[in-house]
Amino acid sequence: MHSKKGNLYLIPCPMGDVQPLAVLPISVKKAIEKIDHYIVEHEKNTRRFIKTIVPEKKQPNLKFQEINKFTQPEEIPAMLNPCLEGFDVGVISDAGCPGIADPGARAVHYAHELGIKVVPLVGPSSILLAMMASGFNGQNFAFNGYLPIDKSERKRELKRLEKISKELDQSQLFIETPYRNNQMLQSLTENLNPQTQICVACDITLASEYIKTATVNSWKKIKVDLHKRPTLFIIQGY
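Here's a quick rundown of the structure. Computed from a prediction, not measured in an experiment: that's the story for all the values here.

Once that is clear, we can look at the sheet that holds strand S9 (residues 210–215). Across the sheet, 5 strands lie side by side as S6-S7-S10-S8-S9; this open sheet has mixed pairing. Strand pairing shows two members of the sheet lacking a second neighbour, strand S6 (141–146) and S9, which therefore form its edges. Between one strand axis and the next, the sheet turns through 15° on average, direction left out of account. Note that S6 and strand S7 (residues 171–175) share 4 bridges and pair parallel. Along S7, the bridge assignment pairs Phe 143 with Leu 173. Contacts from helix H8 (residues 151–168) reach S6, S7 and strand S10 (231–236), with the element oriented near 150° to S7. Across the face of the sheet, helix H9 (residues 181–191) comes into contact with S7, strand S8 (197–202) and S10 while running at roughly 10° to S10.

The topology assignment puts Ile 127 in helix H7 (residues 126–134). Note on Ile 127: relative accessible area 11%, which makes it buried. Sequence-wise, Ile 127 and Phe 143 are 16 residues apart; in three dimensions their C-alpha atoms are separated by 7.7 Å. Those residues within four positions of Ile 127 in sequence are excluded, and the remaining contacts are Ile 100, Phe 143, Leu 173 and Leu 232.

Okay, the pattern of salt bridges next. For the structure on display, the rule yields 9 salt bridges. Residue Arg 154 is joined to Glu 176 by a salt bridge in which the shortest nitrogen-to-oxygen separation is 2.3 Å. Pair noted here: Arg 154 is in helix H8 and Glu 176 is in the loop between S7 and H9, with a separation of 22 residues, a long-range link. The closest approach of N and O atoms between Glu 176 and Arg 180, which form a salt bridge, is 3.5 Å. Here Glu 176 and Arg 180 have matching classes, each one buried. One salt-bridge network, in which partners are shared between bridges, spans Arg 154, Glu 176 and Arg 180.

Procedures and definitions
Residues numbered from 1 in each chain as written. Predicted model: local features only at pLDDT ≥ 70, side-chain atom pairs only at ≥ 80, totals over all residues. Heavy atoms only, no water. Pairing = 2+ DSSP bridges. Helix = DSSP H or I, 4+ residues; strand = E, 2+ residues; numbered from the N terminus. Axes fitted to C-alpha atoms, helices over the stretch in contact; angles between N-to-C directions. Contact = heavy atoms within 4.5 Å. Buried < 20%, exposed > 50% of the residue type's maximum accessible area, 1.4 Å probe, protein only. Salt bridge = Lys/Arg side-chain N within 4 Å of Asp/Glu carboxyl O.

Here you go:
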């Protein structure tokens, strides 16, 4: 066991097909240049990202451990062994910032328990970028992840979130599986009050980026295809 532990770096990556350094600071490139141990969602995706941002890095030297929804809690502490041996480790999500709506958060939790220094690096977060662009209350908001698939359960949840938003002046964010985005927007316009505001933030940071805020009534007249495009939905009750 080394007396000096390595750090756990939380390394953001682009949220789509865009040149990494167009959306990432140079500190991300410098971190990847020196780190050979990684905890990732998918090794193949991460190798491609690393090759793009640091093409000269020797890929055979890299060591990956995958963390996803199938990873058992008891498996995670061992992923941090390189830190205990004095090596820095990078956590990389498939898109955006690790640890936010991302299984890498579990590795961060154990890092704190093991006394490993956690270093978050600056990068694109779809949640914050969508809130910034929405015009809604940026001082009080909540991210709710995925809503129920069942139509009746989804309706109840939407009405509940709308009520909370109106009573607390709290913006409510959520996502959907990309191939069901159009159905989600339809659910919003069918089940929310006409004066409730909806922000749709799609393909954030990409050339095809689409961000628009309007009332439920207005959205009923807007034609936009969100199919298979990463999208964040935000509602604000009034």
